[in-house]
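# Observations on the three-dimensional arrangement
In case you want the letters, here they are:
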Amino acid sequence: MATEGEDGRQSRWISASLSTVVPPKVLKIDHLEETSFTLHWSKAEGMEKVPQRFFISNCIPGTFPLTDVTDDCHKTFSNLHPGTEYTVSVATVLSNGEQSEPVSTTVCTILPAPDQLTVDSVDTTSAAVSWIQPPGLDQTQHHYQISYRCSGTEPHITTTSSPSITLSDLKPATEYSVTVCAVLENGKQSQLVLTTLTTVLPAPDQLTVDSVDTTLAAVSWNQPPGLDQTQHQYQISYHCPGTEPHITTTSSHSITLSDLQGGTQYSVTVCTVLENGKQSELVSITFTTILPAPDQLTVDSVDTTSAAVSWNQPPGLDHTQHQYQISYRCSGTEPHITTTSSHSITLSDLQCATQYSVTVCTVLENGKQSQLVSTTFTTRTCLRELLSKTGLEDHYENKLTLSSVLEINADTTSDELLTTMQSLPGAFLKKLMMANVNARSVKCLTTDQEASYCGIDNLDTDSDTSDVINPLDLITALFLCSDGFLQQEMVQKMSMCQFAVPLLLPNCDTEQSTLMLWALRDIVRKFRPSSQMATKAFVEERVVLSDIPMVSFVRIGESSLSKSQILNKLLSNPQQYHDTFVHHDMECGDITHRISDGLVEISWYLPCGNRNIDMFTKPVAVANLRGDIMSFEKQFSFLCQTSAAVYIFTDDFEADLKVLEGKTTKAELFLVVNSQNKTFRLDTLKKMITNYSINPTNVIVKTTQNDSEFVKTLQSSVGDIIKKSKNRLTIENMADVAHQMGILVDEDRDDCQSARKMADEITRNIKDKIKFKDKQLPLQGQIWKEISQLEKERYRLRKAGDQNIELYKSSLKEKEEELRKKQYKCDMSDAMVSFILGLSGSGAERSYFLKWMRINLDNLSRQNLSALRDRYKDLCQCSPEKKDDIKDLDKQLSDCSLGLEHFLRELGQLYEAACSLPEDSPQRKQMEKLPGLCAQMLLDGFPIELVDGDASNIPLKWTSAVLTRLHNLVDSNSKIRVVTVLGVQSTGKSTLLNTMFGVQFAVSSGRCTRGAFMLLIKVNKELKEELKCDFIMIIDTEGLKSPELAQLDDSHEHDNELATLVIGLSDVTIINIAMENSTEMKDILQIAVHAFMRMKEVGKKPICHFVHQNVSDMSAHDNNMRDRKKLLEQLNEMTQAAARMEKKEDITKFTDVMDYDPDTSSCYIPGLWHGTPPMAPVNAGYSEAVYSFKKTLMKDFRKCQKNDDLTHFLKWTQSLWEAVKFEKFIFSFRNSLVADAYARLCSEYNSWKWAFQKEMYKWMVSAETKISNIGMTDLNPQRSIRDVQNDLLREASKKLSEGEKEIQDNLVKYFKQKDGHVNLVEKYREDFVSSAKTLRKEIENTVKNKLLGTVEINEGMTELNNIKSSQTKTMEKKVLTLLQNCRKKESVLSDDALRKEFENMWKETLSEIHFKGLQRRDVAQNAFLMLRDNLTTRGSYVNKMLVVNSLVDCGRKAFVLESESWWQQAKNTVKHWDPNHHRKKLQDLCDDIIKQCLEFVTQRVKSKTDYHDTHIKELLIIIDKTLQQHTEVKASEECEVSLKLHICGRAAREFQKMHDEFIEVNDPRKCLELSKNKYLTEFKDLFHNRDLCLKKAKDFTKRCLEPAVKDYVTNMIGPDVVDEVKTGKGSEDYSTKWAFQFSILKQLLTEENFEKYTEYINHYERFVKDWLFDQIVQQLSKNNSLEKLEKKHLSEIVKIITYTISNIRETTGFLRDINTFIQNMYCALVEKLVFPEDALDSIMILNTGNTEQFADYLTEFVREMEQSLASKYDHRTDIKERLRSLPFKPQDEMFTSLFGCGKRCPFCGAPCDAGGKEHSKHFIAIHRPKGLNGSKSRYTYRLVTNICSSDVISDLKFIHPLVTGEDGHPYKDYRKYYPDWIITGDPSIKTSDYWKYVMATFNKRIAEVRGASTLPADLPEDWKVLTRDDALKSLKEAFNMK
């Protein structure tokens, strides 16, 4: 081929060969196998009919090809190599031999896969797999690739040349898929062969039985290997033969099998279980449970010969037949074995007092036994058995104590029937402590529930004696289980009941007897022997010291005579029989003695001096041995040595009486036999007399059945013994005999003996009691009495005369200090050192010491006082006119009296004297432990002197310290109830208390006791809740109108003091009245009525009971109805008389003073003695009546509301005694408890009041907001603003009523509460009720004025708003019209063109609008009209003053009052020594009012609002209110008018300027001109269709929201500032007026600035306002408090705004325009925010934007606004200015609540401290010297030091400015002239030390300020030494601050 050009030229030729034979097409491989395949192809297209053959070539690459020719279109190749690649080509060969190009392809034979893939074995973590080699690969290098995997994991791949492999590290119990393929060297792989296998699930490993119990077995196993990551659990199956298996599962490796049967074999299998349920093989094990032993083997009860043993059934044997084998034995014996199927057994026939061991085991039917369980017990002795039955066993070692017996518990007043033996000891002691003669008759109800008739059929029936006890056994048991002090008290009460008491106490366990010397030592008996009959004198002796002869009665063998019954008849008058000794015929007396045999009882016969009554003319002691002397030889021998005679009762003459053989005896022996007995033989009797050397005359034979003659014979014999006996041994001396015979003596205790030694050391040397007291107890003598008199004189100032009161008081104080110096200069005496040492001993030793001291001192006093008291009694009865002799005897009695109380008084004076020393003084520190010793005495049950009867005073420091230590010793919250008794002496007051409570107040002790004693009784914890107390304090007093004091000058005063004190301290007061003393009763009632009336005055109402003693008639209560009515009439008369004296004319009857019911408040008690003393027992009726009265008291305790602790009792005691020292008994608010209660009430009321005010303020802000928004949001346009105002006023009235009601309800609830001492401030309740009403009125007036003012302001702004709104609408129309016109123009206008168009429209519009501004008002004229309305009710003179004065000219000069009239100046001179005194005070007041008003004007002017008439109205309200509050400075009408003209004139000028500026700023044309650029900008934006959303949102936020939010925060911040100050640090200073006043005075003291003190005194109100404002500023300056409050309210309102935006978007859907959106927002916030109306109007125009976009922008701008305002708040520092600008001024609110009524003391000018505004009386915590006000003496011209709290109790006089009187008026009568004031005396004398210190500090400067004519005061010396600490201490005391 060549290319030819146009010109014919050609290119070079090129050539190529071209075959026309076409090769085959479409080579295809078919039937491909390991060693063969078939090749197919097709003939070439178009050559189908052309003859042709095909040349085939086949070769492995790199080898020579094998060729072949075929006619077919296919060819099968065989015998090929497996897995080998072959190249095959085919060419067409024509018949002419021409051959086409070959076409070729490659093909690879198949590589054979491994054959027969088999899993040979599978384990838990491995598997063996094998296969057969693939065919045809014998000569071919190959290997195998194995892949295996489980679900969810990557396959593991490995290779091997072997036809098998072991797979390891498999997971147990997991299915694996395994594939194997053959792999050639070239990497070619055969097909995969697949199989699956699952590894074996492993069984648990090492199954083990860890433990086996009776019903439990613990089995465990190891986790099977390879299951760490596999979820699995275990199935456990267990069973015993013959039962179904129990199957359970667990995921743990152990399990506890429970509820097994004891002693049973179990097989257990465990297997592993997967989540799919697959289980492993089972592993198994067997175990046998233990046969359980009996459980909790217990000895239930042990008796003397038996014991009850029980156990619980062993667990797991419920269905197994079994029994128990019991074995028991004592040491040295064979065991007793028995069986039972029960769970308990009683072992009998035991030996007493023997230890036994007991074993029990379980036994099955097959004989198998459990382990043994064992225990031991010891059978009881008779004593232990009885103690166990009576519940006293624990007390055999831990003795019963007197305090535990006297403790008030549930049984104290319980009348429940006795049903158990355990209740008998308590019942006996309960009755015995109340001296009930039926005490020995206690028995269980079960023994005699009904009186049954014992017929013939019942004769052979034995009565059950298991629950009965012989009284002697009970008494013996109690004495064995009681400590020495309880034994002593029991003996004392038994002696009063004329019971025989133990002399020798047996212990049948130890077979020891104890001489009860200590127990008997406190018995004192009074009798008159025949030798004293002529003188009628009594002998009073302690029986253990009395050498009264003793005769003893014993028994040998059996006696048909009842020895005890014969003795009772021997000792009893035939007309007055009494069971002194328990005998067979008494209740339970026939019960066999168990422990009381061997008891020796003793009783005494004491003559009364009447031969017709006395059985013996001389005293004799009678001893009675219980039991047979054959068994109690030691006791018999003791009696033989100590008795004058021993009478032996017997009927057993045949007995071997070895006990009488060779008996050495000091006693004469008598034999008493009964000839009436069947066994009596005269010859046997004679033989017995001969054998035992008994004097035949000493044989007494009962020959007749009648006991009377026999008893007379016995009495005659005893009488002869008494006369001739020389063997008289005191019981004290019997101790020596006891020691010789091995008998114990109870006094031999170490602590008793050591205590006695200490007491004897003090008392052994007392020969002359008067000298001893002077030398060893010097502090309580004349010095203490003089101190007491000085104290009272300092309070009463009776001897002051016309002296300077403060100098006089100072001199008294100096004298007292001198006396105290004398006291503490005295060294502590030896006796007091020893006494303190004795008090410092251990508990028991201390109690023994005090008892020994009392015993020894009583013994000493008794030697002298008996004769003195007899002479004293005779003089009083027979010669009452000999007053001097009676006084002399009274002094002798007092001087000769020496008791424990004198030593305790000395302790008190040592402590009080030490308190005068500096606190760090060693002597003072040494005395600090003394109160603790005395407090411990009170806890131990000893009475302590409260009122010193000799000095008629309470050592308050000492008493306070003792009670404080007592408070610390007991639980600090321990509450007490107080019971006191009042009555005439010798009417049984102390006996009544002793009987009622089992205590031991002194009764006829032979000493003269005066004053009041207190004693504590503990209340059991089970009764504390019910009685609301932990202790009962009993106060016993000396007799009122007592003979000792009847002739003394101050008797009535002393009685009044004592009665007022104890009644004031009491929860329950008992007025004790003896029926025979009717005249003295009237005096007592008069005193009591006065005291009750004084208590009512301080809100304390003790419960009162009148106890009438010595009532003989059993029906006295019914028959004395007339007497009760008469008593009530007398009480009413006395109440009226007392009311007149106390100036309480509103009280007309006794029930006005206290709750009194004649029927329930009167108790009638019969006489104490049943018969003639000294042999008379206590009257059972007396004890029962006292018991009944005691139950009434317990009910009273439950009803008592008050439950004070000891600290309150202490405070009350202090306050009462301080008040009692004032002869008028006036209680002041320095009573700390009353002060506390009043402060709490004030604090509560202030919180209620503030809550009410705050709520109303918030409502007021909301209401003002509503009014301000009227017109813009009101949905009802027909409603006028006045309609809204009326609606709001109605709503306000409702809220005010609710708020007032809430306060009144709170007051009711407050006074219903049981704590807080509300009863003490009950009389102030009405003051706070009135204050609440006044508060409501004040708030109501404020609300009305505010609403009216807001309405008027709103109405005043309406015209201006209408003008601006009209202009805005006009401009909006004009702009929109211009916009339409411009858009219609064909060409697009530029901004300059638009501006020109706008300018033209603007000029045109301005020319069309008629601008009319606000009309200027004449403020002065308006103010004048208002001032005239304010003064319209005044006279013509006032109108004339208004007319002649032009308001415009008023107030241009300083306001100065003109001089007063000569008459007023004269009065000022008389009273104040300053003719201008009143004018100066009035000028100060006017200056304060002017300052207050100018501040108001300044705030209004700063608001930059328009003037409104309400401004002048508010000013006039301020002036009127302030003038009304300051009534002490009377302003004349002329002064009032001048002041109002001055203030209104100045205000009018300022308000005129404000008004003019407002008009100028709000000129319509100016305002419109200012908005021109805004209109232009919006016009352009609208024309260019720009989005206005951003701009509108920004403007709305800036111009509307931000001002409104600022106003909201400003409105809300005020109340929060008050809360912040009242609740923040130092808030306690503002809780009450008292606290506030205290904080001011404390700060003044700290700063000690004269100018500030002067300002405080002279300008109190102004000073307080400024001080309070400064305190608030300081408080808010800390921690940015004000900023935090502002940001809190900012955040609060922002949340509301953002929520509103969000809510509008969500609830209203798509809004048409921004205007609607803003309108909805406005409606939602109408009660929260006030938007500026003109700003809102300007934003509401030209709004065409998207509301959604507007809302988004607005939300963002609100957030920015919050941040911006918060930042501004953070950077503002002008706190004062911010506070002054608040509409709610926190400083004004707090001032109003804390300032009070503003009244000031008419004498010293101190401000009133009463809470609330409407209190009926004014009072002050701390008055001040009048010299601080500049008062000076008219004679010396020196400042005066008088303090009105001292003047009002003196005889000084004062000049009243409005009441004529040349000589003045007594300060004591100040209430006539100042009835609203209560000025109390200064009770502590020190509460005015604060102002004394101030006066002393600034004395000269005060005089200098007052001018040359004033000289400094002559200060008392003690004022000059006062320190700042003294002043602060007195301040705290005055305001009751801690």
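Residues numbered from 1 in each chain as written. Predicted model: local features only at pLDDT ≥ 70, side-chain atom pairs only at ≥ 80, totals over all residues. Heavy atoms only, no water.

## Quick word on the overall build of the chain
Stated precisely, the cut-off is as follows: Under the scheme used here, helices are H or I runs from DSSP no shorter than 4 residues and strands are E runs no shorter than 2 residues, and both carry numbers assigned from the N terminus. The contact definition used throughout considers only heavy atoms, calling two residues in contact when any of these lie within 4.5 Å.
On a plain count of helices and strands, the chain comes out with 59 helices and 51 strands. Taking contacts inside the chain between residues at least 6 apart in sequence as the whole, the part at least 24 apart equals 73%.

## Brief notes about the sheet that holds strand β23 (residues 307-312)
The test is simple: A pair of strands is labelled paired if DSSP reports no fewer than 2 bridges between them. Note on method: axes are straight lines fitted to C-alpha atoms, helices fitted across the in-contact stretch only, with angles between N-to-C directions ranging 0 to 180 degrees.
If you walk across this open sheet you meet the 3 strands as β22-β23-β26, and the pairing is antiparallel. Single-partner strands in this sheet number two, and they are β22 (295-302) and β26 (344-347). Each adjacent strand pair in this sheet contributes to an overall mean axis angle of 20°, direction not counted. Where β22 lies against β23, 5 bridges are found, and the strand directions are antiparallel. Bridge assignment links threonine 298 to a residue of β23, and that residue is serine 310.

## Brief notes about helix α21 (residues 930-939)
Keep this limit in mind: The buried label goes to any residue with under 20% of its type's maximum accessible area, the exposed label to any with over 50%, and the partly exposed label to all in between, with areas taken from a 1.4 Å probe on protein chains only.
Of all 10 residues in α21, 8 are buried; the element is thus mostly enclosed. Burial in α21 covers these residues: Leu930, Pro931, Gly932, Leu933, Cys934, Ala935, Met937 and Leu938.

## Some thoughts on the pairing of strand β28 (residues 373-378)
Burial along β28 is one-sided: the residues Val373, Thr375 and Phe377 are buried and none of Ser374, Thr376 and Thr378 is. Judged from the 6 bridges that link them, strand β27 (residues 355-364) and β28 form a sheet pairing that is antiparallel. What sits directly across from tyrosine 356, in β28, is phenylalanine 377.

## Quick look at helix α48 (residues 1660-1677)
Condition: The length a helix should cover is 1.5 Å for every residue beyond the first.
Along its 18 residues, α48 runs 25 Å from first to last C-alpha, staying within 8% of the 26 Å computed at 1.5 Å per residue. Of the residues making up α48, those classed as buried are Tyr1660, Glu1661, Phe1663, Val1664, Trp1667, Leu1668, Phe1669, Gln1671, Ile1672, Val1673, Gln1675 and Leu1676. Asparagine 1679 lies just past α48 and shows a positive phi near 60°.

## Focus on the pattern of salt bridges
Between side chains of opposite charge, pairing is possible as soon as their charged atoms come close. This is how it is decided: When a carboxyl oxygen of Asp or Glu is within 4 Å of a side-chain nitrogen of Lys or Arg, the pair counts as a salt bridge.
One pass over the structure, following the stated rule, counts 67 salt bridges. A salt bridge links aspartate 707 to lysine 702, with the nearest nitrogen and oxygen atoms 2.7 Å apart. Judged by its relative accessible area of 22%, aspartate 707 is partly exposed. Take lysine 702: its relative accessible area is 7%, and that puts it in the buried class. Its salt-bridge partner being glutamate 1727, residue lysine 1266 comes within 3.5 Å of it at the nearest N-O pair. With lysine 1266 in helix α33 (residues 1232-1268) and glutamate 1727 in the loop between α50 (1714-1724) and α51 (1733-1739), the pair connects residues that are 461 residues apart, well separated along the chain. Note on lysine 1266: relative accessible area 24%, which makes it partly exposed. Several salt bridges share partner residues, and in doing so they unite Arg521, Glu732, Glu747, Arg756 and Asp760 into one network.

## With respect to the pairing of strand β40 (residues 944-948)
Burial of β40 is extensive: 5 of the 5 residues sit out of reach of the surface. The pairing of β40 with strand β42 (residues 1011-1018) spans 4 bridges and is antiparallel. Residue pairing in the sheet places glutamate 945 in a bridge with phenylalanine 1013 of β42.

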